[in-house]
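In case you want the letters, here they are:
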Amino acid sequence: MFDAGLLSERTQPRAIGAAAVGAARRGCASTLAGLRQQGSAKIFLPGVPGDALEAVLLNTAGGITGGDRFRWSADAAAGARLVITTQAAERAYRAQDSELASVETRLEIAAGARIDWLPQETILFDRSALSRRIEVDMEPDATLVLAESVVLGRRAMGERVRSCRFSDQWRIRRGGRLVHADALRIWGETAGLAAPAALGGATAFASIVMVAPDVADRLDPVRRLLADAPGVEAGASAFDGCLVLRMLAEDGYALRPALLRLLTCLCGRPLPRVWSI
């Protein structure tokens, strides 16, 4: 039985959730192979037509704050395609100084399979605290599109993020070999992010990685799209089977159209409908 006396005055209710989804190839389509969910982490399956299984992640807690813990897992069996997105932008709210929210994601992609990880934006509010980690294990002939975008407050609402704690770690292994490692850390006052070597005054940014056997062929088309993206500073490079892109924009409103066009190009299909709602 719950004992309220065990909680200190500063302890707040915390959201905890874990969910996992698996896709398998059957005939010409990818179908559900497994689904588990608990706590505040839910997964919906819209059942859209096509060869891919689409999964929509939902945090029923309505956002993330210090002390919350979420774990997402997904796997695509041989030949399957799994498209994963979120119902809406995730929001990281103000946290107590001693607390840090945690979101962990693990993706496994078998031979000839593909996962498109396409969550909508993560919005960091003033004094938010979030640690995020993404781990991917994939076979050499598998395909991955991994995209994450971050917005520092909502500019249209007059919000300013003066300080926050945000850590983002990516690790991608292909055939057991580490092919991409990425780390971002924003800790404390954000005034220094205006420097040219940091965000240069931008309040919205995105990182995209595509890993695929033919990824080098996509570099020139991607660069042409980036050159025609008003209000966005961006760059792309390809190496060792990886295509890596960085995008900066004044705010999320300017970033989103460019992100939509770019992800549509990389995925070779329209983005999930929740992106246009």
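Computed from a predicted model, the values in this text were never measured in an experiment.

Trainee: I'd like a description of the confidence of the model for the protein chain, backed by residues and values.
Mentor: Averaged over every residue, the pLDDT of the protein chain is 92; the share at 70 or more is 95%. Confidence drops under pLDDT 50 across residues 1-10; counting only partners more than four residues distant or on other chains, this segment forms 2 contacts.

Trainee: Before we move on, could you go through the side chain of S167 and cite the residues and values that matter?
Mentor: Tracing the backbone through its elements, the reader meets S167 in strand β13 (residues 163-174). Every residue in contact with S167, bar those within four places of it in the chain, is listed here: L130, S131, R132, L184 and W187.

Trainee: Before we move on, could you go through a nonpolar patch on the surface and cite the residues and values that matter?
Mentor: A surface patch of nonpolar side chains, about 210 Å² in accessible area, is lined by L32, L35 and L45. Tracing the chain through its elements places L35 in strand β2 (residues 29-39).

Trainee: Any details on the pairing of strand β6 (residues 81-86)? Residues and values, ideally.
Mentor: Across the 6 residues of β6, 6 count as buried, placing the element largely inside the fold. Relative to β6, strand β4 (residues 53-59) runs parallel, the two being bridged by 5 bridges. Bridge pairing in β6 places A55 opposite I84. Across 4 bridges, the pairing between β6 and strand β9 (residues 114-117) is parallel. The residue of β9 that forms the bridge with I84 is W117.

Trainee: Give me the lowdown on the pairing of strand β1 (residues 16-26), citing residues and values where you can.
Mentor: When you tally the buried positions in β1, you get 8 out of 11 residues, the bulk of the element. Note: β1 against strand β5 (residues 69-76), 8 bridges, orientation parallel. Across the sheet, residue V21 finds its bridge partner in β5, namely A74. In this structure, the hairpin formed by β1 and β2 is closed by a connection of 2 residues, where G27 is found at a positive phi of approximately 70°.

How each quantity is defined
- Residues numbered from 1 in each chain as written.
- Predicted model: local features only at pLDDT ≥ 70, side-chain atom pairs only at ≥ 80, totals over all residues.
- Heavy atoms only, no water.
- pLDDT = per-residue confidence, 0-100.
- Contact = heavy atoms within 4.5 Å.
- Helix = DSSP H or I, 4+ residues; strand = E, 2+ residues; numbered from the N terminus.
- Patch = residues over 30% accessible without salt bridge, like charges linked within 9 Å, V, L, I, M, F, W, Y side chains within 5 Å.
- Areas by Shrake-Rupley, 256 points an atom, 1.4 Å probe, with all protein chains shown as cover.
- Salt bridge = Lys/Arg side-chain N within 4 Å of Asp/Glu carboxyl O.
- Buried < 20%, exposed > 50% of the residue type's maximum accessible area, 1.4 Å probe, protein only.
- Pairing = 2+ DSSP bridges.

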